[in-house]
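# Working through the structure, step by step
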Amino acid sequence: ADAEAPGLRGSFLWALQLAARPSKLDGALRKKTVDVIRRLLGDADGMVRRRAAYVAGNLALSELAPDLIASAKQSPDPEQRIAVFVALGELRGLETFADTLELARKPEKTDTDRVTVAALRTLSSIVVANPGQPLDLGPIAVRITGLLSSADPLVREAAVRVAGLA
(Lines give C-alpha, C1' and ligand atoms only; values in the text may rest on other atoms or scores of the structure.)
Protein backbone atom coordinates (compact mmCIF):
# COMPACT_ATOMS: atom_id res chain seq x y z
CA ALA A 1 0.00 0.00 0.00
CA ASP A 2 2.96 2.30 0.57
CA ALA A 3 4.96 1.39 -2.52
CA GLU A 4 6.40 4.24 -4.53
CA ALA A 5 5.21 2.84 -7.85
CA PRO A 6 1.48 3.31 -8.55
CA GLY A 7 1.38 -0.08 -10.26
CA LEU A 8 2.43 -1.76 -7.03
CA ARG A 9 -0.18 0.14 -5.00
CA GLY A 10 -2.78 -0.93 -7.56
CA SER A 11 -1.54 -4.51 -7.37
CA PHE A 12 -1.84 -4.40 -3.59
CA LEU A 13 -5.48 -3.34 -3.94
CA TRP A 14 -6.15 -6.07 -6.49
CA ALA A 15 -4.64 -8.70 -4.18
CA LEU A 16 -6.60 -7.37 -1.21
CA GLN A 17 -9.80 -7.49 -3.22
CA LEU A 18 -9.18 -11.12 -4.15
CA ALA A 19 -7.98 -12.31 -0.74
CA ALA A 20 -10.27 -10.53 1.72
CA ARG A 21 -13.80 -11.65 2.50
CA PRO A 22 -16.28 -9.00 3.67
CA SER A 23 -17.77 -11.36 6.24
CA LYS A 24 -14.32 -11.88 7.79
CA LEU A 25 -13.38 -8.19 7.98
CA ASP A 26 -14.16 -7.09 11.50
CA GLY A 27 -12.56 -5.38 14.46
CA ALA A 28 -9.00 -4.17 14.09
CA LEU A 29 -8.57 -5.81 10.68
CA ARG A 30 -11.59 -3.95 9.30
CA LYS A 31 -10.37 -0.64 10.75
CA LYS A 32 -6.92 -1.13 9.23
CA THR A 33 -8.45 -2.06 5.85
CA VAL A 34 -10.75 0.98 5.91
CA ASP A 35 -7.86 3.28 6.82
CA VAL A 36 -5.69 1.95 3.97
CA ILE A 37 -8.47 2.16 1.39
CA ARG A 38 -9.44 5.65 2.58
CA ARG A 39 -5.84 6.79 2.08
CA LEU A 40 -5.65 5.21 -1.37
CA LEU A 41 -8.94 6.85 -2.42
CA GLY A 42 -6.94 10.09 -2.27
CA ASP A 43 -3.86 8.72 -4.03
CA ALA A 44 -2.09 10.92 -6.58
CA ASP A 45 -2.52 8.25 -9.27
CA GLY A 46 -5.93 7.90 -10.93
CA MET A 47 -5.63 4.15 -11.44
CA VAL A 48 -5.00 3.65 -7.73
CA ARG A 49 -7.97 5.87 -6.79
CA ARG A 50 -10.25 3.91 -9.13
CA ARG A 51 -9.09 0.55 -7.83
CA ALA A 52 -9.56 1.76 -4.23
CA ALA A 53 -13.15 2.73 -5.03
CA TYR A 54 -13.90 -0.67 -6.55
CA VAL A 55 -12.34 -2.42 -3.55
CA ALA A 56 -14.40 -0.32 -1.10
CA GLY A 57 -17.56 -1.59 -2.77
CA ASN A 58 -16.40 -5.17 -3.24
CA LEU A 59 -15.42 -5.48 0.41
CA ALA A 60 -18.63 -3.79 1.61
CA LEU A 61 -16.72 -1.04 3.41
CA SER A 62 -19.76 1.12 4.09
CA GLU A 63 -17.67 3.35 6.35
CA LEU A 64 -16.13 4.73 3.16
CA ALA A 65 -19.42 5.87 1.59
CA PRO A 66 -18.83 9.55 2.49
CA ASP A 67 -15.32 9.33 1.03
CA LEU A 68 -16.69 7.80 -2.16
CA ILE A 69 -19.30 10.56 -2.50
CA ALA A 70 -16.60 13.19 -1.94
CA SER A 71 -14.43 11.53 -4.58
CA ALA A 72 -17.23 11.66 -7.15
CA LYS A 73 -17.93 15.31 -6.35
CA GLN A 74 -14.26 16.29 -6.64
CA SER A 75 -13.26 14.31 -9.71
CA PRO A 76 -14.41 15.11 -13.23
CA ASP A 77 -12.60 11.94 -14.40
CA PRO A 78 -15.30 9.70 -15.93
CA GLU A 79 -13.47 6.50 -15.03
CA GLN A 80 -13.21 7.55 -11.38
CA ARG A 81 -16.89 8.46 -11.28
CA ILE A 82 -17.81 5.06 -12.76
CA ALA A 83 -15.73 3.31 -10.09
CA VAL A 84 -17.40 5.35 -7.35
CA PHE A 85 -20.90 4.67 -8.68
CA VAL A 86 -20.17 0.95 -8.94
CA ALA A 87 -18.91 0.93 -5.35
CA LEU A 88 -21.94 2.86 -4.08
CA GLY A 89 -24.20 0.48 -5.97
CA GLU A 90 -22.57 -2.46 -4.23
CA LEU A 91 -22.92 -0.77 -0.82
CA ARG A 92 -26.60 0.08 -1.46
CA GLY A 93 -26.54 2.47 1.49
CA LEU A 94 -29.66 4.42 2.30
CA GLU A 95 -27.48 7.24 3.61
CA THR A 96 -25.93 7.73 0.16
CA PHE A 97 -29.22 8.05 -1.73
CA ALA A 98 -29.56 11.86 -1.64
CA ASP A 99 -25.96 12.48 -2.72
CA THR A 100 -26.11 9.80 -5.41
CA LEU A 101 -29.35 11.27 -6.72
CA GLU A 102 -27.77 14.72 -6.87
CA LEU A 103 -24.67 13.40 -8.67
CA ALA A 104 -26.86 11.58 -11.20
CA ARG A 105 -29.13 14.58 -11.67
CA LYS A 106 -26.28 17.02 -12.36
CA PRO A 107 -23.67 15.21 -14.46
CA GLU A 108 -20.19 16.57 -15.00
CA LYS A 109 -19.44 17.96 -18.46
CA THR A 110 -16.89 15.15 -18.83
CA ASP A 111 -19.40 12.40 -18.00
CA THR A 112 -19.86 9.78 -20.68
CA ASP A 113 -22.83 7.50 -21.32
CA ARG A 114 -21.04 4.87 -19.22
CA VAL A 115 -21.04 7.25 -16.23
CA THR A 116 -24.74 7.90 -16.73
CA VAL A 117 -25.47 4.16 -16.82
CA ALA A 118 -23.40 3.57 -13.67
CA ALA A 119 -25.15 6.42 -11.82
CA LEU A 120 -28.63 5.20 -12.76
CA ARG A 121 -27.81 1.59 -11.89
CA THR A 122 -26.56 2.78 -8.51
CA LEU A 123 -29.80 4.61 -7.84
CA SER A 124 -31.73 1.47 -8.82
CA SER A 125 -29.62 -0.67 -6.48
CA ILE A 126 -30.16 1.65 -3.54
CA VAL A 127 -33.93 1.90 -4.07
CA VAL A 128 -34.38 -1.86 -4.56
CA ALA A 129 -32.24 -2.66 -1.49
CA ASN A 130 -34.32 -0.36 0.71
CA PRO A 131 -37.97 -1.27 0.06
CA GLY A 132 -40.55 0.74 1.91
CA GLN A 133 -38.24 3.72 2.34
CA PRO A 134 -39.49 7.09 1.11
CA LEU A 135 -36.87 7.53 -1.61
CA ASP A 136 -38.02 10.30 -3.94
CA LEU A 137 -36.74 10.01 -7.49
CA GLY A 138 -38.76 13.05 -8.56
CA PRO A 139 -35.78 15.41 -8.72
CA ILE A 140 -34.27 13.35 -11.55
CA ALA A 141 -37.51 12.91 -13.52
CA VAL A 142 -36.71 15.56 -16.15
CA ARG A 143 -33.29 14.05 -16.81
CA ILE A 144 -34.72 10.52 -16.97
CA THR A 145 -37.33 11.64 -19.49
CA GLY A 146 -34.57 12.99 -21.73
CA LEU A 147 -32.46 9.85 -21.33
CA LEU A 148 -35.31 7.64 -22.49
CA SER A 149 -34.59 8.83 -26.03
CA SER A 150 -30.81 8.37 -25.80
CA ALA A 151 -29.07 6.77 -28.76
CA ASP A 152 -27.28 4.44 -26.33
CA PRO A 153 -29.38 1.36 -25.51
CA LEU A 154 -27.70 0.91 -22.12
CA VAL A 155 -28.60 4.47 -21.14
CA ARG A 156 -32.21 3.86 -22.21
CA GLU A 157 -32.32 0.58 -20.24
CA ALA A 158 -30.96 2.25 -17.08
CA ALA A 159 -33.38 5.17 -17.49
CA VAL A 160 -36.34 2.80 -17.89
CA ARG A 161 -35.25 0.93 -14.76
CA VAL A 162 -35.17 4.13 -12.71
CA ALA A 163 -38.43 5.38 -14.23
CA GLY A 164 -40.07 2.11 -13.23
CA LEU A 165 -39.01 2.65 -9.62
CA ALA A 166 -40.35 6.19 -9.39
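Residues numbered from 1 in each chain as written. Predicted model: local features only at pLDDT ≥ 70, side-chain atom pairs only at ≥ 80, totals over all residues. Heavy atoms only, no water.

Glancing now at the overall build of the chain. Helix and strand counts for the chain come out as 9 helices and 0 strands. Ordered by position in the sequence, the α and β elements of the chain form the string α-α-α-α-α-α-α-α-α. For the chain, whose C-alpha radius of gyration is 16 Å, the value lies close to the compact-globule estimate of 15 Å for 166 residues. For the chain, the accessible area works out to roughly 8300 Å², and carbon and sulfur atoms hold 57% of it. In the chain, 22 positive and 20 negative side-chain charges are present, and the distance between their average locations comes to 2 Å. (Helix = DSSP H or I, 4+ residues; strand = E, 2+ residues; numbered from the N terminus. Rg over C-alpha atoms; globule rule 2.2 N^0.38 Å. Areas by Shrake-Rupley, 256 points an atom, 1.4 Å probe, with all protein chains shown as cover. Lys, Arg positive; Asp, Glu negative; His and termini not counted. Charge placed at Lys NZ, Arg CZ, Asp CG, Glu CD.)

A word on the side chain of D43. As for its position among the elements, D43 is in the loop between α2 (27–41) and α3 (46–58). A distance of 2.8 Å separates a polar atom in the side chain of D43 from a polar atom in the side chain of R9. If we ignore the near neighbours within four places in the chain, the residues touching D43 are R9, V48 and R49. (Polar contact = N/O pair within 3.5 Å; in protein donor to acceptor, adjacent residues only side chain to side chain. Contact = heavy atoms within 4.5 Å.)

Note on soluble globular proteins: their nonpolar side chains tend to be buried together. If you look at the biggest cluster of nonpolar residues, it comprises 49 residues, and the most contacted ones within it are I37, L68, F97, L120, L123 and I140. Discounting chain neighbours no more than four positions away, the residues touching F97 are L123, I126, V127, L135, D136 and L137. (Core = buried A, V, L, I, M, F, W, Y, C linked by side-chain atoms within 4.5 Å. Buried < 20%, exposed > 50% of the residue type's maximum accessible area, 1.4 Å probe, protein only.)

In a regular helix each residue adds 1.5 Å, so 14 residues correspond to 20 Å; helix α5 (residues 78–91) covers 20 Å between its end C-alpha atoms and thus fits that length. Looking at α5, one finds that the buried residues are P78, Q80, R81, I82, A83, V84, F85, A87, L88, G89 and L91. Looking at the packing, one finds that the buried side of α5 touches α3, α4 (65–74), α6 (97–105) and α7 (113–129). (Expected span 1.5 Å × (residues − 1).)

In this model, α7 (17 residues) spans 24 Å end to end at C-alpha, consistent with the 24 Å of a helix rising 1.5 Å per residue. Here α7 has its buried residues at V115, T116, V117, A118, A119, L120, T122, L123, S124, I126 and V127. Close packing links the buried residues of α7 with α5, α6, α8 (141–147) and α9 (153–165).

Let us look at empty space enclosed by the protein. In total, this model carries 1 cavity of 30 Å³ or more according to the counting rule given. The calculated volume of the largest cavity comes to roughly 30 Å³. Along the walls of the largest cavity sit R81, F85, L103, A104, P107, D111, V115, T116, A119 and R143, which together make up its complete lining. Among the secondary structure elements, those contributing two or more residues to the lining of the largest cavity are α5, α6 and α7. Per-element accounting of the lining of the largest cavity gives the leading share, 3 residues, to α7. Residues that form the lining of the largest cavity fall into these classes: 6 nonpolar, 1 polar and 3 charged. (1 Å grid on protein atoms, 1.4 Å probe; cavity = no way out; pocket = protein on both sides within 12 Å on 5 of 7 lines; lining within 4 Å. Points joined across faces, edges and corners; volume = space filled by probe spheres on them. Nonpolar A, V, L, I, M, F, W, Y, C, P; charged D, E, K, R; others polar.)

Positive phi values are uncommon outside glycine, yet A60 reaches one of about 55 degrees. Its place among the elements puts A60 in the loop between α3 and α4. Not every positive phi belongs to a glycine, and R92 is a case in point at roughly 55 degrees. Relative to the assigned elements, R92 resides in the loop between α5 and α6. What makes R92 partly exposed here is its relative accessible area of 42%.

Let us now look at the environment of F85. Along the chain, the position of F85 falls in helix α5. Given a relative accessible area of 0%, F85 falls into the buried group. In sequence terms F85 and L123 are 38 residues apart; their C-alpha atoms lie 8.9 Å from each other. Residues in contact with F85, not counting those within four places in the same chain, are T100, L103, V115, A118, A119 and T122.

Read these as geometric descriptors, not functional statements.
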